[in-house]
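# Analysis of the macromolecular model
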Amino acid sequence: MMTVTQETTIPDTRYWRFCAWMGPLFVAVFYVCWGLLGHNFPPFPPETPAAEVAGWFRENANGVRLGMVIAMTFAPAYGVWGYALAKVLERSMGVGSDNLIVQLARLGAAWTTITILVPTSFWLTAAFRPETLPDWMIEMLYDMAWLLIDLAYAVTSVQLFALGIGFLADKRSKPLIPKWLAWYGIWVGFMFVLECVMPYFRNGAFARSGILNFWIEFIIWMAWVPVLTIYAIKATGRIERGE
Amino acid sequence: MTADTANAPRQPHEGHDIPGDSGVWFFIIADMCAFAVFFLVFMAGRAQAPQVYETSRTMLDLRFGLANTLILLTSGAFMAQAAREAQKAQWQRARLMMIATLVTGLPFGVSKAMEWQAKLAHGVGLTTNEFFTYYFIFTGVHFLHFVIGIVVLLVLIGMAEKPGVAEDKRLRWIESGGAYWHMVDLLWIVLFAMLYLMRAA
């Protein structure tokens, strides 16, 4: 059995920083376009009457279209960010790009892109011709998008767990990514499990708009992206110096 | 650690004077913060509808709550002893104590399953009312922590006497596993007091 130990050669890091910045860029664009323009941050509570949701979509159709089109355009930025992190992960673990954990970290990021793109298209569908759609159908599209984006949590957990486990395997006395941040990612992955109860609630803390299943879940994930990016960029400098 | 130093006080890890791994402690603190939010949400809900909460509380079987508390406290005591043995490099004793932790802890799962089963058999479920929503979700999330703890214990039992694993690494992970197991223990005690004991009205 051959095991690859600590890499000693300096890799080509030309695009690493650029790709890593795609993560915070994604979060910022997604917050404004999906969150604010699309009335998803915070979302309509599930108990909101269908007529109210439909009325809002009809009045703000152009804003939602713009928001969703830009959100869909920038969705791949999350995947690009994930690939940049996987490069840091390779060096952190001292393994090649075909390592299983590294592959899972990449796969989790790529899959997450899909779970952002698909529901975003449902919100866009609701805003495409809202004047001819019945209220219940707009409500259904809104619900469907939320059920998918929340319940696809496990896909992102694959990335969170792979990065967490991989960064913990760093043998350096001062790891490229601090241990607390690796554990934070693992914790976020576990916290996402709470989304499993979201379909049972139309109000309260566990509803899609609740303190736990919206505010805490989205904020701990959205905070993880820029914080990890800063450490990944610092790590890139260390990798270039041969540390 | 050599035989001469086997009984000497343990050295702090990584320059920190805390038992176990600093990253695991971060995880534990983050997790406890999440539970703190759970508790605040519960208390806020209870203040809104004290009568519903009180009626529901009296429907819980105190015997299960008490049995689970004793089970986890006993199991936690064995885990604390396992960590002490590990600090003295008594790996065989540490392993035995962790087996005792596992054996005394496992009935918690059985007891929880019986309690949930009894509630469901009486038609009380996740959506019965707000109290039972919190009851099932909080105890369910806690149960998930318990299951993870059992897996961690099994790994640690397998590792405790493994010659290929460095002794400082064994100690660090036994202490970390112990800290996690005590968190499971502590969270249950708070849940027990909050769900079973505290009168709402």
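Residues numbered from 1 in each chain as written. Chains lettered and ligands numbered in written order. Predicted model: local features only at pLDDT ≥ 70, side-chain atom pairs only at ≥ 80, totals over all residues.

## Details of the overall build of chain A
For chain A, the helix and strand inventory stands at nine helices and zero strands. Relative to the 2.2 N^0.38 estimate, which gives 18 Å for 243 residues, the radius of gyration of chain A is 20 Å and therefore close to what a compact globule would have. Based on the C-alpha atoms only, the size of chain A along its principal axes is roughly 60 × 35 × 30 Å. (Helix = DSSP H or I, 4+ residues; strand = E, 2+ residues; numbered from the N terminus. Rg over C-alpha atoms; globule rule 2.2 N^0.38 Å.)

## A few points about the overall build of chain B
Helices and strands together make up the secondary structure of chain B, namely seven helices and zero strands. Going residue by residue from the N terminus, the α and β elements of chain B occur as α-α-α-α-α-α-α. Projected onto its principal axes, the C-alpha coordinates of chain B cover approximately 65 × 30 × 20 Å. Here chain B, with 201 residues, has 35% of them falling under the buried criterion. Of all intrachain contacts in chain B linking residues separated by at least 6 positions in sequence, the fraction that spans at least 24 positions is 82%. (Buried ≥ 20, exposed ≤ 12 C-beta atoms within 10 Å, placed from the backbone. Contact = placed C-beta atoms within 7 Å.)

## Here we look at the packing of helix α3 (residues 62–87) of chain B against helix α5 (residues 107–121) of chain B
Residues and elements named next belong to chain B. Two numbers describe how α3 lies on α5: the axes approach to 9 Å, and their chain directions differ by 165°. Judged by the angle between their axes, α3 and α5 are roughly antiparallel. For the element pair α3 and α5, the recorded crossing hand is left-handed. Contacts from Phe64, Ala67, Asn68, Ile71 and Leu72 of α3 reach α5 at Pro107, Phe108, Ser111, Lys112 and Glu115. Looking at the contact of α3 with α5 residue by residue, the classes come out as six nonpolar, two polar and two charged. (Axes fitted to C-alpha atoms, helices over the stretch in contact; angles between N-to-C directions. Parallel < 35°, antiparallel > 145°, perpendicular 65-115°, else oblique. Left-handed = near helix turned anticlockwise from the far one by under 90°. Nonpolar A, V, L, I, M, F, W, Y, C, P; charged D, E, K, R; others polar.)

## A word on the nonpolar core
Counting residues in hydrophobic clusters, the biggest one holds 115 residues, and the most contacted among them are Trp81(A), Leu85(A), Leu89(A), Ala105(A), Phe206(A), Ala82(B) and Ile174(B). Broken down by element, this core gets its largest block of residues, twelve residues, from helix α7 (residues 167–197) of chain B. The contacts of Ala105(A), once residues within four sequence positions are left out, are Gly82(A), Leu85(A), Ala86(A), Leu89(A), Gln159(A), Ala162(A), Leu163(A) and Gly166(A). (Core = buried A, V, L, I, M, F, W, Y, C linked by C-beta atoms within 7 Å.)

## A short note on the confidence of the model for chain A
Mean pLDDT over chain A stands at 95; residues scoring 70 or higher make up 97%. Note on residues 1–5 of chain A: pLDDT under 50 across the span, and four contacts to partners over four residues away in sequence or across chains. (pLDDT = per-residue confidence, 0-100.)

## Comments concerning helix α6 (residues 135–151) of chain A
All names here are of chain A. With 17 residues, α6 extends 24 Å between its outermost C-alpha atoms, agreeing within 8% with the 24 Å of an ideal straight helix rising 1.5 Å per residue. Buried within α6 are the following residues: Ile138, Glu139, Leu141, Tyr142, Ala145, Trp146, Ile149 and Asp150. Angular distribution of buried residues about the axis of α6 spans 160°; they occupy a single face of the element. Looking at the buried side of α6, the elements it contacts are α2 (50–59), α5 (100–128) and α7 (153–168). (Expected span 1.5 Å × (residues − 1). Arc of directions from axis to C-beta.)

## Some remarks on the interface of chain B and chain A
Taken together, the 15 residues of chain B in the interface contact 18 residues of chain A. At the level of secondary structure, the elements contributing two or more residues to the side of chain B that touches chain A comprise α1 (22–48) and α6 (130–159) of chain B. Top contributing element to the side of chain B that touches chain A by residue count: α1(B), with ten residues.

## Structural notes on the packing of helix α1 (residues 16–37) of chain A against helix α4 (residues 76–93) of chain A
All names here are of chain A. For the pair α1 and α4, interaxial distance at closest approach is 7 Å and the crossing angle is 135°. The angle between α1 and α4 places the two elements in the oblique class. Between α1 and α4 lies a crossing of left-handed hand. Contacts between α1 and α4 involve Trp16, Cys19, Ala20, Met22, Gly23, Leu25 and Phe26 from the former and Ala77, Tyr78, Val80, Trp81, Tyr83, Ala84 and Lys87 from the latter. Of the residues that constitute the contact of α1 with α4, the class distribution is twelve nonpolar, one polar and one charged.

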